[in-house]
Amino acid sequence: GSRGERMRLNSTGLGIGTTTPESWSGYADDLVISGTAQSGLTINSQNSTKSVIHFADGTSGTAAYMGFLDYDHASNYLAIGANGAEKLRITSNGTTGIGLTDPGEKLAIAGNLELRNDDADGYVWWHDPGSGSFSAGIDYSASSNFVFSNAQGLDSPVMTIQRADGKVAINKASTTEFLEVHGAI
């Protein structure tokens, strides 16, 4: 086959598969890997070691690894770090920990959780893949209420907390009382 130029080092950076690494973003043109189809990078380490990429601010202490990607081959987990410490871990069985190194569920978070939605309305719901619909949900609307619902949907609330006055309705969509229960107690 052809033995043309495969790599070029110039004053800007190193290009693999390109002769002009300076054509890419100035933030990321020190090493550019380019191809006409798929391109990739492989870091090969032994089974009991780590493969690591560090984002350094200096050469000693945590400055040498202020941000990092760390794959541990012995335990088969991927860690992502910021500010010199691990912040997220994906374990070998697929659990993800934010602020945790030993998540016990698919997603485990140490600390508070903030959910945002640009239109100020949001919901969290649990999906039943067997039926193709949701089985329970929590809905918040900036213009109305905080609603807990069951499998019948958000139009059939189990409990509603009214945004305007904090009044609670159980098995009802709204109330004029501080607490109102519709049905038997």
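Everything below is about the structure printed above this text.
My aim in this report is to walk through the structure given alongside it, one point at a time. The structure displayed is predicted, hence computed values, not measured ones.

Cut-offs used in this document
Residues numbered from 1 in each chain as written. Predicted model: local features only at pLDDT ≥ 70, side-chain atom pairs only at ≥ 80, totals over all residues. Heavy atoms only, no water. Helix = DSSP H or I, 4+ residues; strand = E, 2+ residues; numbered from the N terminus. Rg over C-alpha atoms; globule rule 2.2 N^0.38 Å. Buried < 20%, exposed > 50% of the residue type's maximum accessible area, 1.4 Å probe, protein only. Pairing = 2+ DSSP bridges. Axes fitted to C-alpha atoms, helices over the stretch in contact; angles between N-to-C directions. Phe/Tyr/Trp six-rings, centres within 6.5 Å; stacked < 30°, edge-to-face > 60°. Lys NZ or Arg CZ within 6 Å of the ring centre and 35° of its normal. Salt bridge = Lys/Arg side-chain N within 4 Å of Asp/Glu carboxyl O.

## Remarks on the overall build of the protein chain
Part 1: Summing up its helical and strand segments, the protein chain has 0 helices and 15 strands in all.
Part 2: A compact globule built from 185 residues should have a C-alpha radius of gyration of about 16 Å, whereas the protein chain, at 26 Å, is more than 25% larger.
Part 3: Seen through its C-alpha atoms, the protein chain measures out along the principal axes to roughly 80 × 35 × 35 Å.
Part 4: Sorting the 185 residues of the protein chain into buried and exposed places 22% on the buried side.

## Quick word on the sheet that holds strand β1 (residues 7-9)
Part 1: Here we have 3 strands laid out as an open sheet, ordered β1-β2-β3, and mixed in their pairing. Each having just a single partner strand, β1 and β3 (31-33) make up the two edges of the open sheet. Across the sheet, the mean angle from the axis of one strand to that of its neighbour is 10 degrees, orientation sign disregarded.
Part 2: Relative to β3, strand β2 (residues 14-16) runs parallel, the two sharing 3 bridges. Residue pairing across strands places I16 opposite I33, the latter belonging to β3.

## Some words on the packing of aromatic side chains
Part 1: Applying the stated rule across the entire model yields 2 aromatic pairs.
Part 2: Between the aromatic rings of F146 and F148, the centroid separation amounts to 5.1 Å while the plane-to-plane angle is 85 degrees, which identifies the pairing as edge-to-face.
Part 3: For F148, a relative accessible area of 26% gives the class partly exposed.
Part 4: Its end group placed over the ring of Y77, R89 keeps NZ or CZ at 3.6 Å from the ring centre.
Part 5: Above the ring of F178, the side-chain terminus of K167 is found at 5.4 Å from the ring centroid.

## Some thoughts on the pattern of salt bridges
Part 1: Considering all chains together, one arrives at 4 salt bridges under this definition.
Part 2: Across the pair E86 and R89 runs a salt bridge whose closest N-O atoms are separated by 2.8 Å.
Part 3: The exposure class assigned to E86 is partly exposed, which follows from its relative accessible area of 28%.
Part 4: Linking K167 and D165 is a salt bridge whose minimum nitrogen-to-oxygen distance equals 3.9 Å.

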